[in-house]
Amino acid sequence: MNNEEQKQTIKKVLRCIRPHGILVALSLLMALVFVALTLYVPVLTGRVIDHMTGPGAVEFDAVFGLMKQILGAVLLTAGAQWIMNAANNRIVYRVSGEVREQAFRRIEELPLQYLDAHSSGDMVSRVVADVDQFSDDLLMGFTQLFTGVITILGTLGFMLCVNVGITLVVVLLTPVSLLVARFIAGRTYRMFRRQSETRGEQTALIDEMIGNQKVVQAYGQEKRVQEKFDEINDRLSSYSLQAIFFSSITNPATRFVNSLVYIGVGLTGAFAAVRGAMTVGQLSAFLSYANQYTKPFNEISGVVTELQNALACAGRVFALIEAAAQTPDADPAEKLPEDPGCLSLEHVCFSYTPEKKLIEDFNLEVKEGQRIAIVGPTGCGKTTMINLLMRFYDVDSGAVKIEGKDIRALTRRSLRSSFGMVLQDTWIRSGTIRDNICMGYPDASEEEMIEAAKKAHAHSFIKRLPQGYDTVIGENGGSLSQGQRQLLCIARVMLCLPPMLILDEATSSIDLRTEIRIQKAFQTMMEGRTSFIVAHRLSTVRNADVILVMKDGNIIEKGDHQSLLAQNGFYAKLYEAQFAEVQ
Amino acid sequence: MWKLLKYMKTYRKEAVLAPAFKLLEALFELFVPLLMARIIDIGIREQDQGYIVQMCLWMAVLGLTGLVCSITAQYFSARAAVGFASKLRSSLFAHIQSLSFSKLDTVGASTMITRMTSDINQVQSGVNLFLRLFLRSPFIVFGAMVMAFTVDAKAAVIFVVVIPLLCVIVFGVMLISIPVYKKVQGRLDRVVALTRENLQGVRVIRAFCREPQEIKAFERENQALVRVQLFSGRISAIMNPLTYVVVNGGLLVLLYTGAGRVDEGILLQGSVVALVNYMSQILVELVKLANLIITVTKAIACGNRIQAVFELQPGMERRAACTQTASQDGRTEEMVSFEHAALRYPGAAADSLTDISFSVKRGETVGIIGGTGAGKTSLVSLIPRFYDVSAGCVKVKGRDVREYPPEELRAMVGMVMQKAVLFQGTIRENLLWGNENATDGELCEAIRTAQAEDVVFGAKSGLDAAVKQGGQNFSGGQRQRLAIARALVRKPEILILDDSASALDFATDARLRQAIAGLPGEMTVFIVSQRASSLKHADKILVLEDGEIADMGTHEELLGRCSVYQEICDAQFPGREDHEQ
């Protein structure tokens, strides 16, 4: 990130803070009160001391009066500081909460192309770790920057009142401190960024390996994985060491410059005192103020490194938030009529990567209520069809049309809610069974839900679970078997029963006895509904109106079961392979 | 948290040197006011400009030495903190990798991931700050107190009251904060889980147009997180004002007694100034300390969460070989045998497998079929000892699996799981998991057997084709075939295919089975399948129902007598009549 990008990031951060303007103002005001009073208390203390000049000469009345004032000032200071802290907390946690939310919203809007291409571990680390780091550093930065700046201004004012010449010495020397801080910060930023990138790489590895730890162990790969992990870990640790060490030089270095300031004040002040231009009392006051004045510079320069780090993290978060969203729905977007059923693909070309062509000039006409079975060797593009029908991916050229309307002219909601989909990779969310089944139709009644579960033959196993429909399922299906997960996914579609269906090898891990029953339920469900079935079971395929035999992204044969067998082509060969086993 | 400190051992030198240099620097800092006092008392009073310059030069020397000490300290503490965190991360990763399957089931991946990442980062910055400042601040606080006593013992008594009071406040806030930070981390875990879940289930979520609800659910979790964060912030926001009040209260008492002592002629005005200065020095240090404590508290909370993972026992002990059977030659006829084996998952109410007994000879092919949740996967998981039996035993080559070193046992077994998982890298890297020393020729052989030639060699880059995270650039069927190839590369004595051809079309599936049957050597094969056709040629078919063996025999035998099996076959081959016509 160069300077320009940094500036952009800062602007974006400020934009996020803007809605909390009132709190920011309150915080600033309280900081002002806090600092002014903190500077005032030593003045009062000094006056108290002035009233005790020697044995028997202490003016107790004046001392008590001033002490009351000190007490009041102290309580006020504490109050102001508390309010300031509270306001700052609120700003920072709210802002980080909002940024997290924005990042999450964006994830929901990103095209699948982006999501498929980025590791989920890295994205999770952006939403959580980076936002967290960014808010932590922002909190520290926020508090210290405000008080620091105001303290500097306040002391500067006090010093100017006492002696202009020596104040100038202080003012001329302090930029050195800032320059040093700037110099170091510029160099550390790059290291923080490298650290952050390596951290992302490591998180991705952790995500992958811990998420699939069982496979790792089954293959006894723990050592090799560990080696790979350690390699990244070593790299991370050397970047971290550099980043942390160089950033932590800032503090001592500026402190050294500050002590030079202190010495400068001492030297010029002492000479002035020798000349009689200044009293000893004034000098000691001046020295304490010089200290007051330079200390915030320590903090501010510390803040600078913290903010650098925060900016690096913020940059990564904003990169996610600003990643191009999927093309928005057309405006004005059309909606599908009630119960759409006709569908056509016209001259569709599509590929995931430009260099590897997948689907070329694909044509298909589907009439209402037809059952389309897609068969073919694995990797022939069957899953890709689903990506296109559901508009998870947009076609490169040509068009997918439903009821004669290009799906790109429709709202995604209208398109997707007219399809019921059961995917090969079952996905169960953590939550209750009820949450999972009612996902597509949250307002379903108890009876409707149970009815759907019964139709999907999920009711009997759900009933046997400890809390029935209210049983909580852990992350990614937790204790359910693969088949049970699939039954749940089917129940999910059963409940909302959209006019068109996409079944992607949906029944592949359900045992056959259960499957027969599901097949029957599917038959009734598919009655009058346009359905796409990616299936390997010939029993399913045989009942289809049109069978598309796909190979290398193209339809090579098309027809019903009997006519395809009669053609004695690729389909016949597939069929024979299965059938030869039975005899 | 404290148990984690053993990872600091290698960095003991750094961990000692860092605070030592820091103290040195603090010591030099304490000298500066002393020199300034001399400038005032001697230089100004005696109008000696040479003396003033000399003292100023001394201060500059002190400052420079302080700078060197401080940078040295920063270096050592950064080294110690980063080294510690790096070791911790590596050990934690190793520990997680050593956890048994049942432990992995109970903990869940996303908490382990936060612990590996953000928790350890917190610990790292905690350690770093601790080494740099935690000793320095108390040193200055107590140093100032000692100085105060040298000025006036009676007035300095106030310090003895104020300092413990401050300690109570600081540590009190710390004690209250620790459980709150734990809560914050817990909430953060939920947010992580939700984000991960959404990324994984993105297709289903979009298919059901659930984006708005998902956003709402996230908002809810996120709000809950923000609320706990705010609460924790409120607690730590109290600390600074409170310490400020206490210190200034002490100051007032100091002024009060000071006034009396000056009036009595025991103290000089200058001494009061000195005492007041020490009091404010304490305040400055305390402000630093308070900020530190927040970081350190967080670090401790995170450290405890990491410690909790370390405390999970790997869960599987190798049992001492009590029955040395004649299996040592490795050529026993009986390859795998189950003897009244039962399995109950931790926390489950009922057994998943009950009283399973059967034995398999070397070179035999065993088919396992049964309903959803019948225990097919559980059964085969017992062979490579992914889980331990809760009763009975499982023997491989006549020896209880619990007596084998896990690596030795698992090296014999090639397991292809239901969900085919590939890892980021190249196809070659993935296949080499099966056997690191396999030649390209052996890899190609395995690929051919697994019917994955078109997957690998269809693409130009062949074995070096890139595999994305989770194998996302391959279809389900392609992943399954590559996973099978990976198991074959190992040339296992026992091959387990746990419904691992489900995404393959029949033609490919049939070719795959033929190829596996044609492999040289006497591989014992377990096939879990939904397709009766895949099992038809098996030497033995186990029909499982509700965790028990309903029947066992060949295809023909079972067709003749087992109603469960008949039902499955009727469903499987509806096309038979067609063909016979």
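What you see is a predicted model; the values in this text were computed from it and never measured.

Rules of the game
- Residues numbered from 1 in each chain as written.
- Chains lettered and ligands numbered in written order.
- Predicted model: local features only at pLDDT ≥ 70, side-chain atom pairs only at ≥ 80, totals over all residues.
- Helix = DSSP H or I, 4+ residues; strand = E, 2+ residues; numbered from the N terminus.
- Buried ≥ 20, exposed ≤ 12 C-beta atoms within 10 Å, placed from the backbone.
- Contact = placed C-beta atoms within 7 Å.
- Nonpolar A, V, L, I, M, F, W, Y, C, P; charged D, E, K, R; others polar.
- Pairing = 2+ DSSP bridges.
- Axes fitted to C-alpha atoms, helices over the stretch in contact; angles between N-to-C directions.
- pLDDT = per-residue confidence, 0-100.
- Parallel < 35°, antiparallel > 145°, perpendicular 65-115°, else oblique.
- Left-handed = near helix turned anticlockwise from the far one by under 90°.
- Expected span 1.5 Å × (residues − 1).
- Core = buried A, V, L, I, M, F, W, Y, C linked by C-beta atoms within 7 Å.
- Domains from an automatic or database assignment.
- Bend = angle between axes of the 7 residues up to and from the residue.

Sorry, what's going on with the overall build of chain B here?
Broken down by element type, chain B carries 20 helices and 12 strands. By the burial criterion, 51% of the 581 residues in chain B qualify as buried. Nonlocal contacts in chain B, meaning residues at least 24 apart in sequence, comprise 78% of its contacts between residues at least 6 apart.

Help me understand the overall build of chain A, please; the structure alone is not making it clear to me.
The number of helices and strands found in chain A is 19 helices and 12 strands. Sorting the 583 residues of chain A into buried and exposed places 52% on the buried side. For chain A, the share of sequence-separated contacts (at least 6 apart) that also reach a separation of at least 24 residues comes to 80%.

Got a minute to help me understand the interface of chain A and chain B in this structure?
Facing the 141 residues of chain A at the interface are 139 residues of chain B. Residues belonging to the side of chain A that touches chain B are distributed by class as follows: 71 nonpolar, 45 polar and 25 charged.

Help me understand the sheet that holds strand 9 (residues 494-498) of chain B, please; the structure alone is not making it clear to me.
Adjacent strands of a sheet form backbone hydrogen bonds with each other and so pair up, either parallel or antiparallel. All names here are of chain B. Taken in spatial order, the 6 strands line up as 6-9-10-3-11-12 in an open sheet, and their pairing is mixed. Edge positions in the sheet fall to strand 6 (413-416) and strand 12 (548-553), since each has one partner strand and no second. Neighbour-to-neighbour, the strand axes of the sheet open up by a mean angle of 15°, direction not taken into account. Strand direction decides the pairing type here: strand 3 (residues 365-370) and strand 11 (residues 540-545), joined by 5 bridges, are parallel. Considered in strand 11, the bridge of Ile369 is made with Val543. Sheet contacts for helix 15 (residues 476-489): strand 6 and strand 9; angle to strand 6, the most-contacted strand, approximately 175°.

Just checking my understanding: could you explain the confidence of the model for chain A for this structure?
Any region with low pLDDT has predicted coordinates that should not be read closely. In this model, chain A carries an average pLDDT of 81, and 89% of its residues clear a pLDDT of 70 or more. When mean pLDDT is compared element by element in chain A, strand 4 (residues 397-402) of chain A scores highest at 90, while helix 19 (residues 570-582) of chain A scores lowest at 65.

I tried to follow the pairing of strand 12 of chain B on my own but got confused; where do I start?
Remark: a regular strand shows side chains that alternate across the two faces of the sheet. Residues and elements named next belong to chain B. Taken together, the 5 bridges between strand 11 and strand 12 define a ladder with antiparallel strand orientation. Across the sheet, Ile541 pairs through a bridge with Gly553, a residue of strand 12. Remark: 2 residues form the turn of the hairpin made by strand 11 and strand 12, two consecutive strands paired antiparallel; Asp546 in that turn has positive phi of roughly 50°.

Where do I start with the environment of Leu28 of chain A in this structure?
Residue and element names in this part refer to chain A. Tracing the sequence through the fold places Leu28 in helix 2 (residues 21-50). C-beta crowding within 10 Å serves as the criterion here: with 15 such atoms nearby, Leu28 is assigned to the partly exposed category. Between the C-alpha atoms of Leu28 and Phe146, which are 118 residues apart in sequence, the distance is 6.8 Å.

Even after reading the chapter, I still don't get the environment of Thr297 of chain B, so can you show me in this structure?
All names here are of chain B. With respect to the secondary-structure elements, Thr297 resides in helix 9 (residues 269-310). Overall, Thr297 belongs to the buried group, with 22 C-beta atoms counted inside 10 Å. C-alpha separation for the pair Thr297 and Leu175, spaced 122 residues apart in sequence, amounts to 8.3 Å. Those residues within four positions of Thr297 in sequence are excluded, and the remaining contacts are Met174, Ser177, Ile178 and Tyr181.

Where do I start with the sheet that holds strand 1 (residues 334-343) of chain B in this structure?
Residue and element names in this part refer to chain B. Pairing is antiparallel in the open sheet, where 4 strands are placed in the order 2-1-4-5. Each edge of the open sheet is held by one strand with a lone partner, namely strand 2 (353-361) and strand 5 (399-400). Examined bridge by bridge, strand 1 and strand 4 (residues 391-396) share 5 bridges and lie antiparallel to one another. Its bridge partner lying in strand 4, Glu339 is registered against Cys393.

What is the right way to look at the packing of helix 8 (residues 222-275) of chain A against helix 2 (residues 49-98) of chain B in this model?
The axes of two packed helices give the description: the angle between them and the distance between them. Where helix 8 of chain A meets helix 2 of chain B, the closest approach of the two axes is 8 Å, and the angle between their N-to-C directions is 165°. When the interaxial angle is binned, helix 8 of chain A and helix 2 of chain B end up roughly antiparallel. You can see that helix 8 of chain A and helix 2 of chain B cross each other, and the crossing is right-handed. Residues that form the contact of helix 8 of chain A with helix 2 of chain B fall into these classes: 25 nonpolar, 15 polar and 4 charged.

Is there a simple way to think about the pairing of strand 9 of chain B in this case?
Residues and elements named next belong to chain B. Counting buried residues along strand 9, 5 of its 5 residues qualify, which places the element largely inside the surrounding structure. Side-chain alternation along strand 9 places Ile494, Ile496 and Asp498 on one buried face and Leu495 and Leu497 on a second face that is also buried. With 4 bridges joining them, strand 6 and strand 9 adopt parallel strand pairing. Looking across to strand 9, one finds that Val416 is bridged to Leu497.

Would you take a moment to explain helix 8 (residues 211-264) of chain B for this structure?
The α-helix winds at 3.6 residues per turn, so residues separated by three or four positions along the chain end up facing the same way. With 54 residues, helix 8 of chain B ought to run about 80 Å at 1.5 Å a step, and its terminal C-alpha atoms sit 79 Å apart, in line with that. Phi turns positive, to about 85°, at Gly265 of chain B, one or two residues after helix 8 of chain B.

Sorry if this is basic, but what is going on with the nonpolar core here?
Inside soluble globular proteins, nonpolar side chains tend to come together where they are buried. The biggest cluster of nonpolar side chains holds 264 residues, and the ones touching the most others in it are Val317 of chain A together with Ile368, Ala485 and Ile496 of chain B. Looking at which domains feed residues into this core, each of domain 1 (2-310) and domain 2 (330-574) of chain B supplies at least three. Counting residues in hydrophobic clusters, the runner-up holds 80 residues, among them Phe350, Ile437, Leu480 and Met500 of chain A.

What should I look at first to understand helix 4 (residues 109-134) of chain B in this one?
Residues and elements named next belong to chain B. In a regular helix each residue adds 1.5 Å, so 26 residues correspond to 38 Å; helix 4 covers 35 Å between its end C-alpha atoms and thus fits that length. Helix geometry: helix 4 is bent most strongly at Arg115, by close to 35°. Among the 26 residues that make up helix 4, 23 are buried, leaving the element largely enclosed by the rest of the structure.

Is there a simple way to explain unusual backbone geometry in this structure?
Backbone geometry follows two general trends: most residues other than glycine have a negative phi, and most peptide bonds adopt the trans configuration. All names here are of chain B. Although it is not a glycine, Gln47 adopts a positive phi angle of roughly 55°. The class of Gln47 is exposed, set by 12 C-beta atoms lying within 10 Å. In this structure, Gln451 takes a positive phi of about 60° despite not being glycine. Its location among the elements puts Gln451 in the loop between helix 13 (440-449) and helix 14 (453-458).

It is not clear to me how the environment of Phe318 of chain A should be interpreted in this structure. Could you clarify?
Residues and elements named next belong to chain A. Tracing the sequence through the fold places Phe318 in helix 9 (residues 280-321). Classification of Phe318 by C-beta neighbours within 10 Å gives buried; the count is 23. Ignoring anything within four residues of it in the chain, the contact list for Phe318 reads Thr9 and Lys12.

How do you make sense of the confidence of the model for chain B when you look at a structure like this?
Residue and element names in this part refer to chain B. Of the residues in chain B, 92% have a pLDDT of 70 or more, and the chain-wide mean is 82. The least confident element of chain B is helix 20 (residues 576-580), whose mean pLDDT is 37; the most confident is strand 10 (residues 524-528), at 91. In this model, residues 323-330 is a region of pLDDT below 50 whose contacts with residues beyond four sequence positions or in other chains number 7 contacts. Under a pLDDT of 50 for its full length, residues 575-581 has, in the predicted model, 5 contacts with residues more than four places off or in other chains. Across the interfaces of the predicted complex, the ipTM metric reaches 0.76, alongside a pTM of 0.67.

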